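Next come the chains, spelled out residue by residue.
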Amino acid sequence: MVKIFWFRKDLRLDDNRALSEFIKGIKSDDKFLFIYIKNNNSFRFFGEKRIQFLNECLLDLKNKLNEKGFNLHIFNGNSLSVFNQIIDADSIVYANKQYEPYCIERDSKISDFLISKSSELKLYADSTVFEPNKMFKADGTPYTIFTPFKNKFFTLLNDTLLRESKLNFKNINPLAEQKFKEALNFEIKSADLSGFSGGRTSALKSLSAFCRKGIEEYNSQRDYPSADSTSKLSPHIHFGTVSVRECFSAAFKKLNGSGKKSEILTWINELIWREFYYHITFNFPHVINGSFKKVYDKLNWTDNDALFNKWCEGKTGFPIVDAGMRQLNTEGWMHNRLRMITAMFLTKDLFINWKKGEKYFAGNLIDLDFASNNGGWQWSASTGCDAQPYFRIFNPYLQSEKFDKYGDYIRKYVPELKDVPPKYIHKPDEMTADLQKKYSVIIGKDYPYPIVEHKTAKEFSLSKFKLIHGK
Ligand SMILES: Cc1cc2nc3c(=O)[nH]c(=O)nc-3n(C[C@H](O)[C@H](O)[C@H](O)COP(=O)(O)OP(=O)(O)OC[C@H]3O[C@@H](n4cnc5c(N)ncnc54)[C@H](O)[C@@H]3O)c2cc1C
């Protein structure tokens, strides 16, 4: 029998549920192999930085397997055609479950194919603490509000759920590995990922650095983008170079005995938001194509490419929005507060369909994760579950004054404004011509005037939402 381990969003050799079962399942007369499938069809949607990060994760994984005497076989193509190429009868493919509707559909096709070859696909739960199909309300329906979901999470949480799975590679013999000529010549060019680097070593380093210091200031600091105080673990959690159990466990370990429990609990809460959005995506798969609250599919969004392009480029004339978009464009990552501000600006100030913003983020984020991206966009657009109500619209100027008071974050990403003092940094168009000269930025020439007037734009959006509610 041939046993195949299929790495997907679990690019690590420790605490990996399916991998642990795979290793235990290998008998002395079995052949086995480790594979990863690069599907160019999905890669089309990925930004360059995300691909670079993923490649670094794969190289690290491959090196770690090599150290143990094994190989990572990387195949190019659609997964069904790859299995068609490598499967003989009597094989078992092991993998961790994925919960996005399109992944479920793919796995179901692969499972049917394997059955037709007298083979089998075995899937294990790994990427969330609670499987999205396992935690329901008392009436048996899925949660749609975060707080009761979180309360249930804490009620059901126990040590077993967070226990790391042990892997003993000594049980398997490298000589029994099935050899395939690798489909992919695997070369990685070095590229600057602005502080991110793929792979398990880097993931563990970030987790322990954050737990040593940042986590005890998380609640107080997390909303200030210039403080750079969040864990920046999102790409690692997404690609599984660190497991969610390892993140929760590290946080709970720190919690015991810490005098700063509420700071740490806020971080734990964020990890639960991620679980919540997986729960939503799995139980309400229509969110893939439209609003969680279907009534909002009737919103008559404005279709204005010129305004959309200015938002993408970070040239809206709203410094805080522009700084966020430029951070995304240059680093492939954006601080959470900025994701909310820029998403709210696109949907409420420009009244442009959140699907366009979701897609733009998807094409540029290193940490793109369907559930969290979709959840975050629908929260900001007020079309989602437990979302910001449509009538509570962020004022970008107040957000800017509150969370980037002195303008340090803005100045870092919008260098045209580098000499502008805090008094004008949030609204540089309010400077007189003399001040503009003094601070080396001519509005309308070096930096744009605001592309909309916030108050008018807000009223316009509200009127559109009210129409839906028959007001
Ligand atoms: C419009 C929008 C789009 C988003 N798109 C993504 C995305 O594609 N991928 C992604 O991982 N997150 C996304 N988020 C959530 C959040 O912004 C990022 O997870 C966070 O900024 C990552 O930084 P960090 O790792 O330093 O997070 P930390 O603040 O250190 O949080 C730790 C971890 O908790 C999870 N987390 C934190 N906040 C959230 C949240 N609001 N929702 C779900 N999970 C959360 C992430 O896994 C994160 O790595 C989005 C939020 C919004 C508003």
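Being a predicted model, the structure only gives us computed values, none of them experimental. (Residues numbered from 1 in each chain as written. Predicted model: local features only at pLDDT ≥ 70, side-chain atom pairs only at ≥ 80, totals over all residues. Heavy atoms only, no water.)

A few points about helix H6 (residues 146-156)
Part 1 of the reasoning: Among the residues making up H6, those that are buried are Phe146, Phe149, Lys150 and Phe153. Within H6, the buried residues cover an arc of 100° as seen down the axis, which keeps them to one side.
Part 2 of the reasoning: Buried residues along H6 sit in contact with helix H11 (244-255) and helix H12 (261-283). (Buried < 20%, exposed > 50% of the residue type's maximum accessible area, 1.4 Å probe, protein only. Helix = DSSP H or I, 4+ residues; strand = E, 2+ residues; numbered from the N terminus. Arc of directions from axis to C-beta. Contact = heavy atoms within 4.5 Å.)

Focus: the packing of helix H15 (residues 336-349) against helix H22 (residues 454-468)
Part 1 of the reasoning: Where H15 contacts H22, the axes come no closer than 8 Å and their chain directions differ by 70°. Between H15 and H22, the interaxial angle falls into the category roughly perpendicular. Residue-level inspection shows Thr347, Lys348 and Asp349 of H15 in contact with H22, the latter providing His454, Ala457, Lys458, Ser461 and Phe465.
Part 2 of the reasoning: Of the residues that constitute the contact of H15 with H22, the class distribution is two nonpolar, three polar and three charged. (Axes fitted to C-alpha atoms, helices over the stretch in contact; angles between N-to-C directions. Parallel < 35°, antiparallel > 145°, perpendicular 65-115°, else oblique. Nonpolar A, V, L, I, M, F, W, Y, C, P; charged D, E, K, R; others polar.)

Observations regarding the packing of aromatic side chains
Part 1 of the reasoning: Applying the stated criterion across every chain yields a total of 48 aromatic pairs.
Part 2 of the reasoning: Taking the centre distance of 5.4 Å and the plane angle of 75° together, the rings of Phe22 and Tyr94 count as edge-to-face. In this pair, Phe22 sits in helix H1 (residues 17-25) while Tyr94 sits in strand E4 (residues 91-96), placing the two residues 72 residues apart along the sequence.
Part 3 of the reasoning: With a relative accessible area of 0%, Phe22 lands in the buried category.
Part 4 of the reasoning: Its relative accessible area of 3% is what places Tyr94 among the buried residues.
Part 5 of the reasoning: Summarising the aromatic geometry, the rings of Trp301 and Phe351 are spaced 4.6 Å apart at their centres and angled 35° between planes, so their arrangement reads as tilted. (Phe/Tyr/Trp six-rings, centres within 6.5 Å; stacked < 30°, edge-to-face > 60°.)

Here we look at the side chain of Lys9
Part 1 of the reasoning: Locating Lys9 in the fold gives a position in the loop between strand E1 (2-7) and H1.
Part 2 of the reasoning: Polar contacts involving the side chain of Lys9 include one to the side chain of Glu100, which spans 2.8 Å.
Part 3 of the reasoning: Setting aside anything within four residues of it in sequence, one finds Lys9 in contact with Gln98, Glu100, His238, Phe239, Gly240, Tyr278 and Asp369. (Polar contact = N/O pair within 3.5 Å; in protein donor to acceptor, adjacent residues only side chain to side chain.)

A word on the domain arrangement of the chain
Part 1 of the reasoning: Entries for the chain in the domain assignment read domain 1 (2-126), domain 2 (128-163 + 200-283) and domain 3 (294-468).
Part 2 of the reasoning: Computed from C-alpha coordinates alone, the two centres of domain 2 and domain 3 are separated by 27 Å.
Part 3 of the reasoning: At the junction of the two partners, domain 2 supplies 22 residues and domain 3 supplies 21 residues.
Part 4 of the reasoning: Between domain 2 and domain 3 the total buried area reaches about 1,800 Å² when both faces are included, carbon and sulfur atoms providing 61% of it.
Part 5 of the reasoning: Applying the counting criterion to the domain 2 and domain 3 interface returns one salt bridge.
Part 6 of the reasoning: Among the ionic pairs, Asp223 bridges to Arg337, the shortest N-O distance being 3.1 Å.
Part 7 of the reasoning: Put simply, domain 2 and domain 3 have eight residue pairs in polar contact (both at pLDDT 80 or more) between them. (Domains from an automatic or database assignment. Buried area = accessible area lost by both parts, 1.4 Å probe. Salt bridge = Lys/Arg side-chain N within 4 Å of Asp/Glu carboxyl O.)

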